[in-house]
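Fold and contact review
Chain by chain, the residues run as shown.
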Amino acid sequence: MNILETHHIVKQYAQHRALDDVSLNVPRGCIFGLLGPNGAGKTSLIRIINQITGPDEGDVLFLGERLKPDHIRRIGYLPEERGLYKKMKVGEQLLYLAQLKGLSEKQAMEKLKVWFIKFDIKTWWNKNVEDLSKGMQQKIQFVATVLHEPDLIILDEPFSGFDPINANLIKDEILELKQKGSTIIFSTHRMESVEELCDHIALINRSKKILDGPKLTIKEQFKTHTYHVDYQGTIDGLPEQFTLLDSKTTEDGFTRTNIRIPAEAQVNDLIRLLLDRVMVRSFGENIPSMNDIFIKAVGEVPTT
Amino acid sequence: MNTIFLVLKREYLVRVRKKSFIIMTILGPLLSFGFYAMMIFLAVSSVDEKKIEVIDASGMFKGKIPSTETYKFSYPEVAFADAKKNFLDSKYDVLAYIPADIMKNPKGIQLYAEKGVSYEIKSEIEKAVEREIENIKLTQAGITRKVLEEAKVSVDSDTISLNEEGEKESSTGAATAVGGICAFVLYITMMIYGTQVMRSITEEKTNRIVEVIISSIKPFQLMLGKILGVAMVGLTQFLLWILLTVGLFTIAPGIMEKRAEVAASVSTQVTPDGTSAKGGKKATVVQADNPVTKVMKAVGTLNLPLIIGCFLFYYLGGYLLYSALFGAIGAAVDNEADTQQFVFPIMLPIIFSFGIAQFVLRDPDGGLAFWASMIPFTSPIVMMVRVPLGVPVWELALSMVLLVLGFIGTIWLASRIYRVGILMYGKKPTFKEMSKWLFYKG
């Protein structure tokens with residue numbers, strides 16, 4: 001079942017169409033990567049899902065129902081531009097934000113206790129937000145996003161502003177939330193975290209969805225059917241169907257050559273042929289990274 | 001509804017807990033009272049005694065110009081030429097010369113001083129001389145001094161408002177003063193609290209917290225919660241001020257009466273030949289003239305519950321009307337510096353209505369007063385000037401209904417601009433763009 005579906009969303013601003021016929025399906029319980037270059041329309045889409053703005057055309061379905069105000073309580077949103085009341089105490093602020101999401105003060109208090117122990121931030125309760133470092137504020141904001149245990153969590157660039165240790169902490173939290181059954185929509189430019197975390201992706205470019213599906217399927221789609229081999233010696237007289245691509249010498253004195261084989265050929269045949277000719281150190285398929293896919297699909301380098 | 005209340009509560013508590021709020025609420029009135037007291041004190045105490053030497057060539061005015069606390073007149077028997085020559089070395093501050101033919105040539109008085117003569121001294125002397133000439137001429141015409149004394153009547157009219165409820169003693173002075181004060185307080189508070197709403201909305205936008213909040217609640221709920229929260233802060237402040245003033249006024253007359261008694265006993269002592277009954281009579285006279293008692297009595301003739309009720313209503317109405325507009329500006333811009341150009345057109349009607357209020361004080365039932373107290377943009381201040389003086393019920397009711405419609409209108413308008421504005425960053429919008437936002441969909 002899809003937790004979220006968008007059907008033919010169009011969002012038009014005065015001079016500019018932010019979203020053009022965008023349809024997406026987000027399966028329940030996955031981590032869904034929403035990718036795209038700056039200004040592609042990701043934030044517009046996220047705002048529509050959060051009911052901050054409405055689409056000009058198209059529908060959004062949440063668990064099969066048309067999006068309605070009640071659904072807000074089942075969604076948690078961490079915007080890219082973080083913000084908290086600077087002069088408000090951490091504890092009070094989190095209680096306030098949780099109550100806006102419909103928790104009672106008591107419920108919020110209980111849940112907060114768990115998080116404060118988990119993150120070991122008990123001493124922060126009575127501190128003003130402005131007295132915390134940026135990374136600490138980010139943690140607070142993360143807690144605020146997930147405190148009401150939403151079914152759908154939308155994280156816009158969740159790792160920006162975190163040092164590697166805290167980024168890892170947040171990553172583990174995200175995986176744990178997924179384990180507990182939450183669905184996470186994850187908007188980012190950082191392809192390495194997409195590679196690591198996402199099950200599904202959708203790529204938006206210039207207001208249009210240009211790609212979506214399970215990560216593995218997409219990788220399959222973008223496969224170039226090339227293999228690389230590290231060896232010593234020279235490869236001569238391979239059958240025509242195997243095309244030798246570029247070669248280069250590695251630092252430790254081996255040669256790395258990329259070889260393309262046609263879809264109908266067997267990899268085993270190539271390996272056998274190679275073993276007869278050179279001393280092989282390693283052999284492997286060139287699987288496209290998310291970065292490669294992004295560049296290929298969008299035609300430009302992702303900016304972080 | 002619940003979420004509006006949550007926002008309201010936060011906005012209220014954040015402000016009321018601030019030290020500046022407590023200080024302003026308690027010290028504000030005390031400071032302004034103290035400031036006035038100090039000014040009066042300085043004005044009274046800083047005036048030095050001036051010695052004035054009168055050379056009276058006519059011989060008619062000796063001892064006739066009454067000395068006051070600040071002006072001491074003396075009449076040395078010296079020739080004018082000598083006095084003028086010795087003036088700089090003498091103990092006198094001013095030298096006044098009254099020529100012999102003063103009766104025929106009343107313009108002949110000459111005043112000398114080292115640095116120039118203040119207007120007050122000049123008029124004091126002129127008045128005294130005029131009075132004396134008048135007396136002399138009247139006496140010459142056969143009217144005795146006694147008749148003159150009796151003919152001098154001090155006129156002070158009692159104004160009585162006549163309406164369906166019958167005669168009621170009213171105090172125009174007190175009503176005008178109370179109206180003026182109400183208008184002034186409304187003027188100040190609409191400005192202060194209006195800009196407070198604006199600043200706080202801009203701050204939320206700059207902080208980027210707004211996106212987190214409006215992913216939980218509707219922009220309209222956030223805006224309304226904030227506006228109402230600040231309104232409650234204002235009400236709290238007024239309530240404390242009213243309590244404080246009532247407190248001051250209940251304590252103050254006690255102190256004043258005590259002082260009046262002291263004054264009375266002093267006055268009995270200075271009249272050694274007077275009987276004790278005379279002294280007692282004097283004491284009551286002093287008490288009745290005591291300014292605080294007088295003010296209290298005058299204020300007591302006003303319909304205070306109506307005035308306070310109307311004041312709170314017009315405060316809320318005017319505040320809601322303007323703070324919504326201020327809020328829309330706050331949402332439209334990115335930072336406080338950009339608000340300047342938009343704020344002026346909104347402040348203009350507030351300033352304008354305070355200006356109208358000055359005219360209305362003089363002519364509370366004229367056409368300007370009527371229309372200005374109907375139009376919601378000016379009615380809070382202008383109507384509050386008229387209320388203490390008495391306004392027909394239908395006018396008051398109509399003005400209130402129009403004000404309610406007015407603030408519902410501006411809140412609607414503001415919420416349309418607000419919901420678009422808080423998500424717009426970058427370029428400073430123009431009024432034209434903002435008017436387009438009104439018609440944006442969802």
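Residues numbered from 1 in each chain as written. Chains lettered and ligands numbered in written order. Predicted model: local features only at pLDDT ≥ 70, side-chain atom pairs only at ≥ 80, totals over all residues. Heavy atoms only, no water.

Brief notes about the overall build of chain B
A count of helical and extended segments in chain B gives 16 helices and 6 strands. For chain B, the proportion of its 442 residues judged to be buried stands at 40%. Intrachain contacts of chain B at a sequence separation of at least 6 include 71% that bridge at least 24 residues. For chain B, the exposed surface amounts to about 24800 Å²; the carbon and sulfur share of it is 66%. (Helix = DSSP H or I, 4+ residues; strand = E, 2+ residues; numbered from the N terminus. Buried < 20%, exposed > 50% of the residue type's maximum accessible area, 1.4 Å probe, protein only. Contact = heavy atoms within 4.5 Å. Areas by Shrake-Rupley, 256 points an atom, 1.4 Å probe, with all protein chains shown as cover.)

Points about the overall build of chain A
Each helix and strand counted, chain A has 9 helices and 14 strands in total. Dimensions of chain A, computed from the C-alpha atoms along their principal axes, are close to 75 × 45 × 35 Å. Split into buried and exposed, the 304 residues of chain A put 50% on the buried side. Within chain A, counting contacts between residues at least 6 apart in sequence, those at least 24 apart form 68% of the total. Roughly 14600 Å² of accessible area belongs to chain A as shown, and the carbon and sulfur atoms make up 48% of that amount. Distance from the positive charge centre (39 side chains) to the negative charge centre (42 side chains) of chain A: 5 Å. (Lys, Arg positive; Asp, Glu negative; His and termini not counted. Charge placed at Lys NZ, Arg CZ, Asp CG, Glu CD.)

So, the UniProt feature "transmembrane region" (unreviewed entry) in chain B
Residue and element names in this part refer to chain B. In the numbering adopted here, UniProt assigns the feature "transmembrane region" (unreviewed entry) to residues 20–44, 174–193, 227–251, 302–322, 342–361 and 393–414. Span residues 174–193 is 100% helix and 0% strand, its end C-alpha atoms 28 Å apart. When the span residues 342–361 is considered, its composition is 100% helix and 0% strand, and the gap between its end C-alpha atoms is 30 Å. (UniProt positions renumbered as here; feature names shortened; annotations may be inferred.)

Points about the interface of chain A and chain B
The interface of chain A with chain B comprises 27 residues on the first partner and 22 residues on the second. Of the roughly 2500 Å² buried between chain A and chain B, counting both surfaces, carbon and sulfur atoms make up 55%. Of the charged contacts in the structure, one is a salt bridge between B:Arg17 and A:Glu92, with a shortest N-O distance of 3.5 Å. Between the two partners, chain A and chain B, sit 6 residue pairs in polar contact (both at pLDDT 80 or more). Ranked by residues supplied to the side of chain A that touches chain B, first place goes to helix α2 (residues 90–100) of chain A with 6 residues. Of the residues belonging to the side of chain A that touches chain B, the class tally is 11 nonpolar, 8 polar and 8 charged. (Buried area = accessible area lost by both parts, 1.4 Å probe. Salt bridge = Lys/Arg side-chain N within 4 Å of Asp/Glu carboxyl O. Polar contact = N/O pair within 3.5 Å; in protein donor to acceptor, adjacent residues only side chain to side chain. Nonpolar A, V, L, I, M, F, W, Y, C, P; charged D, E, K, R; others polar.)

Describing the pattern of salt bridges
Under the counting rule described, the total for this entry stands at 32 salt bridges over all chains. For the salt bridge of A:Glu65 with A:Lys68, the shortest nitrogen-to-oxygen distance reads 3.1 Å. Close ionic contact of A:Asp252 with A:Arg281 constitutes a salt bridge, the shortest N to O distance being 2.8 Å. Note that A:Asp252 is positioned in the loop between β12 (243–249) and β13 (255–260) and A:Arg281 in strand β14 (residues 279–285), a separation of 29 residues in sequence. Relative accessible area serves as the criterion here: at 43%, A:Arg281 is assigned to the partly exposed category. Each member of the salt-bridge network shares a partner with another, and the members are B:Arg10, B:Glu11, B:Arg15, B:Glu204 and B:Lys226.

A short note on the packing of helix α1 (residues 2–16) of chain B against helix α6 (residues 172–207) of chain B
Packed helix pairs are specified by the crossing angle of their axes together with the interaxial distance, meaning the distance between the axes. Residue and element names in this part refer to chain B. Between α1 and α6, the least distance of the axes is 13 Å, while the angle of their chain directions is 110°. Here α1 is positioned roughly perpendicular relative to α6, judged by the angle of their axes. In contact with Arg10, Glu11 and Arg15 of α1, α6 contributes Gln196, Ser200 and Glu204. (Axes fitted to C-alpha atoms, helices over the stretch in contact; angles between N-to-C directions. Parallel < 35°, antiparallel > 145°, perpendicular 65-115°, else oblique.)

Quick word on the domain arrangement of chain B
Its domain assignment divides chain B into domain 1 (48–147) and domain 2 (173–254 + 303–441). Between domain 1 of chain B and domain 2 of chain B, the C-alpha centre-to-centre distance is 57 Å. (Domains from an automatic or database assignment.)

Some points on the packing of α6(B) against helix α12 (residues 340–362) of chain B
Residues and elements named next belong to chain B. At a closest axis distance of 10 Å, the pairing of α6 and α12 adopts a crossing angle of 175°. The orientation of α6 relative to α12 falls into the category roughly antiparallel. In contact with Thr176, Gly180, Ala183, Phe184, Tyr187, Met190, Met191, Thr195 and Met198 of α6, α12 contributes Val343, Met347, Ile350, Ile351, Phe354, Ala357 and Leu361.

With respect to the UniProt feature "domain: ABC transporter" (unreviewed entry) in chain A
Under the feature "domain: ABC transporter" (unreviewed entry), the UniProt entry names residues 4–231 of chain A. Here residues 4–231 of chain A runs as 33% helix and 30% strand, with 49 Å between its end C-alpha atoms.

Structural notes on the sheet that holds strand β5 (residues 65–66) of chain A
Residue and element names in this part refer to chain A. Spatially, 4 strands are ordered β2-β1-β4-β5 in an open sheet, and the strand pairing comes out antiparallel. Strands with a single pairing partner mark the edges of an open sheet, and in this sheet they are β2 (16–27) and β5. Pairing geometry for strand β1 (residues 2–13) and β2, over 8 bridges, is antiparallel. Its bridge partner lying in β2, Leu4 is registered against Val26. (Pairing = 2+ DSSP bridges.)

Quick word on the side chain of B:Arg386
Residues and elements named next belong to chain B. Tracing the backbone shows Arg386 in helix α14 (residues 379–386). Of note is the side chain of Arg386, whose polar atom sits 2.8 Å from the side chain of Ser373. Each residue touching Arg386, except ones within four places of it in the same chain, is listed here: Val360, Pro364, Asp365, Ala369, Phe370, Ser373, Val391 and Glu395.

Description of the sheet that holds strand β1 (residues 50–56) of chain B
All names here are of chain B. Taken in spatial order, the 4 strands make up an open sheet running β2-β1-β3-β4, and their pairing is mixed. Two strands lie at the open edges of the sheet, namely β2 (71–74) and β4 (110–113), each paired on one side alone. Strand-to-strand twist in this sheet, taken as the mean axis angle between neighbours without regard to direction, amounts to 25°.

So, the environment of B:Thr430
Residue and element names in this part refer to chain B. Its place among the elements puts Thr430 in the loop between α15 (393–421) and α16 (431–437). For Thr430, a relative accessible area of 38% corresponds to the partly exposed category. Sequence spacing of Thr430 and Gln341 is 89 residues, and the spatial spacing of their C-alpha atoms is 10.0 Å.

A word on the environment of A:Leu103
Residues and elements named next belong to chain A. With respect to the helices, strands and loops of the structure, Leu103 is situated in the loop between α2 and α3 (105–118). Judged by its relative accessible area of 14%, Leu103 is buried. Leaving out residues up to four positions away in the same chain, Leu103 has contacts with Ala98, Ala108, Lys111, Leu147 and His148.

Looking at empty space enclosed by the protein
One pass over the full model with this rule turns up 1 cavity of 30 Å³ or more. In this structure, the largest cavity occupies an estimated 100 Å³ of space. What lines the largest cavity is simply A:Gly76, A:Tyr77, A:Leu84, A:Leu97, A:Lys101, A:Gln141, A:Ala144, A:Thr145, A:His148, B:Val212, B:Ser215 and B:Ser216. Among the elements of the structure, β6 (75–78) and α4 (134–146) of chain A are those that each provide at least two residues to the lining of the largest cavity. The biggest single contributor to the lining of the largest cavity is α4(A), with 3 residues. Among the residues making up the lining of the largest cavity, the classes are represented as 5 nonpolar, 6 polar and 1 charged. (1 Å grid on protein atoms, 1.4 Å probe; cavity = no way out; pocket = protein on both sides within 12 Å on 5 of 7 lines; lining within 4 Å. Points joined across faces, edges and corners; volume = space filled by probe spheres on them.)

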